[in-house]
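Inside the fold
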Amino acid sequence: WNLDLAGCGLESLTGDEDNGESTEIDSKTTPLAACVSLTDLNLSENLFTRLGALTPLTQLPQLRVLDIQDNEELCEVRNLKKEVLAMLPKIVKFNGDNTGVGSGAKFRGPIVYEGSGSGTVFGNNEDRSSCSCVEGNPCAF
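Note that the coordinates shown come from a computational prediction; the quantities given were computed from them, not determined experimentally.

A separate point is the overall build of the protein chain. When helices and strands are counted, the protein chain shows two helices and five strands. Mapped from its N terminus to its C terminus, the protein chain presents α and β elements in the order β-β-β-α-β-β-α. Buried residues in the protein chain amount to 30% of all 141 residues. Put simply, the protein chain shows about 9,100 Å² of open surface, and 48% of that area lies on carbon and sulfur atoms.

If pLDDT is low for a region, its predicted coordinates should not be looked at in detail. Per-residue confidence for the protein chain gives a mean pLDDT of 74, with 60% of residues at or over 70. When the criterion is pLDDT under 50, residues 18-23 qualifies, and its contacts beyond four places in sequence or with other chains add up to six contacts. Here residues 103-137 scores under 50 on pLDDT; set against residues more than four positions off or in separate chains, the count is 26 contacts.

If you look at the biggest cluster of nonpolar residues, it comprises 22 residues, and the most contacted ones within it are L41, L43, L54, L57, L66, I68 and V84. Counting residues per element, this core draws most heavily on helix α1 (residues 80-87), at three residues. Among residues more than four places away in sequence, those in contact with L54 are L13, L43, I68, L74, V84 and M87.

The phi dihedral of D70 is positive, around 60 degrees, even though this residue is not glycine. If you trace the backbone, D70 turns up in the loop between β3 (65-67) and α1. Under the relative-accessibility criterion, D70 is labelled partly exposed at 40%. With phi around 55 degrees, N79 is a residue other than glycine that occupies positive phi space.

Of the residues making up α1, those classed as buried are L80, K81, V84 and L85. All buried residues of α1 fall inside an arc of 125 degrees around its axis, so they share one side. Opposite the packed face of α1, turned more than 90 degrees from it, sit the exposed residues K82 and A86.

All right, on to a negative patch on the surface then. Taken together, the side chains of E45, D70, E72, E73 and E76 define an acidic patch exposed on the protein surface. Along the chain, E72 turns up in the loop between β3 and α1.

Its place among the elements puts N42 in strand β2 (residues 40-42). If we skip the residues at most four places from it in the chain, N42 touches L3, D4, L5, A6 and D67.

The rules we used
- Residues numbered from 1 in each chain as written.
- Predicted model: local features only at pLDDT ≥ 70, side-chain atom pairs only at ≥ 80, totals over all residues.
- Heavy atoms only, no water.
- Helix = DSSP H or I, 4+ residues; strand = E, 2+ residues; numbered from the N terminus.
- Buried < 20%, exposed > 50% of the residue type's maximum accessible area, 1.4 Å probe, protein only.
- Areas by Shrake-Rupley, 256 points an atom, 1.4 Å probe, with all protein chains shown as cover.
- pLDDT = per-residue confidence, 0-100.
- Contact = heavy atoms within 4.5 Å.
- Core = buried A, V, L, I, M, F, W, Y, C linked by side-chain atoms within 4.5 Å.
- Arc of directions from axis to C-beta.
- Patch = residues over 30% accessible without salt bridge, like charges linked within 9 Å, V, L, I, M, F, W, Y side chains within 5 Å.
- Salt bridge = Lys/Arg side-chain N within 4 Å of Asp/Glu carboxyl O.
- Lys, Arg positive; Asp, Glu negative; His and termini not counted.
- Charge placed at Lys NZ, Arg CZ, Asp CG, Glu CD.

Written as structure tokens, this is what we have:
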């Protein structure tokens, strides 16, 4: 099952205003808790401000694809992809990119030939999982 909530102005997934104070999830008050067959969720272009706002997604056992691009304040979270995948380890596609989880093969990195300029192409394997929407850079991973 797929659910597209892009551009809905959501600030929270609990049905209440997300004031950042509560970290516990009450499955009876979380609207998404009933969506146990949900596999693909698009939350892009909303108003999420903190990573904790995504915590209710841990109640979705079949969730494999998640898009949270263009949530301006959320995209400023350092190591966003790493943090989301730690919270939701079954995600296989995050913000349009495959995560390598569940594929059966481990990614060992690109083949690099000395003197090939790969440092320029691959950015010397820098972590670029955070983004800066403020500077006009897209939140792509």
